[in-house]
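Working through the structure, step by step
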Amino acid sequence: MDQILNNILLTVLSTIRDVLPIGLLLVFFQLVVLKERIPNLKRTIIGFLYVIAGLALFLIGLQEALFPLGDIMAKQLTDPAFLAPGGDTSVTIEWWHYYWVYIFAAAIGFSTTVAEPSLMAVAIKANEASGGAISPWGLRIAVAIGVAISIALGAFRIVTGTPLAAYMIVGYLLVVVQTMFAPKMIVPLAYDSGGVTTSTVTVPLVTALGLGLASTVPGRSVLIDGFGLIALASLFPMITVMGYAQLSHFTARKRDDTNKD
């Protein structure tokens, strides 16, 4: 019990230390640069306290639940007794025997991205800025599909031991080509969508999954193969968001042509 309370206290103090520079920066610009009083000071202070409490509880949850859960699931899914057909551990395990790992990786990528607070914020602002043309749920689902594909592909890369550079080169070439043909209004948003996926919910679980896989798949290095999933998670949402916009644009044009006829 004492250790739990000590962890909570240390996490709260660490959160205050991380949030304090942001608060000081905002106060400095408001009072010194803008020379204006802070509006709704009481509400602002209460809001900062909520932020500190929420972040501290979230970090505690990561340390006590999400990190261990991702590691345990990776180890269970790569257990030879689970992978081998009929539980026959004498059978040589091939990359296709890891299909449950790929399914689990895709499910983790999709679900964590849909729940990502930073993506929700971007989706809401994109909807407001576009006058409702960009659907918040449509954007979130498009990004989540991209992350699901990337994490499943990253799990495949770890299992097979193929180099990360090959995936990144091909992926960014595809992004460059898509950028030339995608609607111009969606390109900056697509690029930002790749960045918001590497945030508070997605990163801990994906990192735990990658490290767990690298530590249990025979012949893999935790340092070389365990990392790299986050890079893929930033890449593929750009592809799926631009693809979503291109598909929507094509559908709208086809509908307009049909109405003219």
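All values reported here derive from a predicted model rather than from experimental measurement. (Residues numbered from 1 in each chain as written. Predicted model: local features only at pLDDT ≥ 70, side-chain atom pairs only at ≥ 80, totals over all residues. Heavy atoms only, no water.)

Attention shifts here to the confidence of the model for the protein chain. It should be kept in mind that the predicted coordinates are not to be read in detail where pLDDT is low. Predicted confidence across the protein chain gives a mean pLDDT of 84, with 97% of residues reaching 70 or more. The secondary-structure element of the protein chain with the lowest mean pLDDT is helix 3 (residues 80-83), recorded at 80, while helix 7 (residues 164-181) shows the highest, at 92. (pLDDT = per-residue confidence, 0-100. Helix = DSSP H or I, 4+ residues; strand = E, 2+ residues; numbered from the N terminus.)

Overall, the coordinates contain two salt bridges when judged by the stated rule. When the shortest N-O distance is used, the salt bridge between Glu-128 and Lys-125 registers 3.7 Å. Remark: Lys-125 and Glu-128 occur in helix 5 (residues 117-129); sequence separation between them is three residues, near one turn of the helix. Accessibility classification places Glu-128 together with Lys-125 in one group, the exposed group. (Salt bridge = Lys/Arg side-chain N within 4 Å of Asp/Glu carboxyl O. Buried < 20%, exposed > 50% of the residue type's maximum accessible area, 1.4 Å probe, protein only.)

For any pair of aromatic rings, the description consists of the separation of the ring centres together with the inter-plane angle of the planes. What the rule picks out here adds up to five aromatic pairs. Pairing Trp-95 with Trp-96 gives two aromatic rings, centres 5.7 Å apart and planes at 80°, and the pair type is edge-to-face. On the accessibility criterion, Trp-95 (42% relative accessible area) is partly exposed. Members of the aromatic cluster, each reached through a chain of ring pairs, are Trp-95, Trp-96, Tyr-102 and Phe-156. One residue, Arg-140, lies across the ring of Trp-137, its end atom 4.3 Å from the ring centre. (Phe/Tyr/Trp six-rings, centres within 6.5 Å; stacked < 30°, edge-to-face > 60°. Lys NZ or Arg CZ within 6 Å of the ring centre and 35° of its normal.)

Taking 1.5 Å of rise per residue, 32 residues should cover 46 Å, and helix 1 (residues 2-33) covers 45 Å from first to last C-alpha, within 8% of that figure. The largest bend in helix 1 is about 30°, located at Val-19, with the proline Pro-21 one to four residues further on. Among all positions of helix 1, only Thr-11, Thr-15, Val-19 and Gly-23 are buried. Against helix 2 (41-77) lie the buried residues of helix 1. Within two residues after helix 1, Lys-35 carries a phi angle of roughly 55°, on the positive side. (Expected span 1.5 Å × (residues − 1). Bend = angle between axes of the 7 residues up to and from the residue. Contact = heavy atoms within 4.5 Å.)

What follows covers the environment of Ser-130. By secondary structure assignment, the location of Ser-130 is in the loop between helix 5 and helix 6 (136-160). Sequence spacing of Ser-130 and Ser-118 is twelve residues, and the spatial spacing of their C-alpha atoms is 18 Å.

Time to look at the packing of helix 1 against helix 2. At a minimum axis distance of 9 Å, the contact between helix 1 and helix 2 shows a crossing angle of 135°. Taken together, helix 1 and helix 2 sit at an angle that is classed as oblique. Of the two elements, helix 1 crosses helix 2, and the hand of that crossing is right-handed. Each of Asn-7, Ile-8, Thr-11, Val-12, Thr-15, Ile-16, Val-19, Gly-23 and Leu-26 in helix 1 lies in contact with helix 2, whose residues at this interface are Phe-48, Ile-52, Leu-55, Ala-56, Leu-59, Ile-60, Gln-63 and Glu-64. Its residues assigned to classes, the contact of helix 1 with helix 2 shows eleven nonpolar, five polar and one charged. (Axes fitted to C-alpha atoms, helices over the stretch in contact; angles between N-to-C directions. Parallel < 35°, antiparallel > 145°, perpendicular 65-115°, else oblique. Left-handed = near helix turned anticlockwise from the far one by under 90°. Nonpolar A, V, L, I, M, F, W, Y, C, P; charged D, E, K, R; others polar.)

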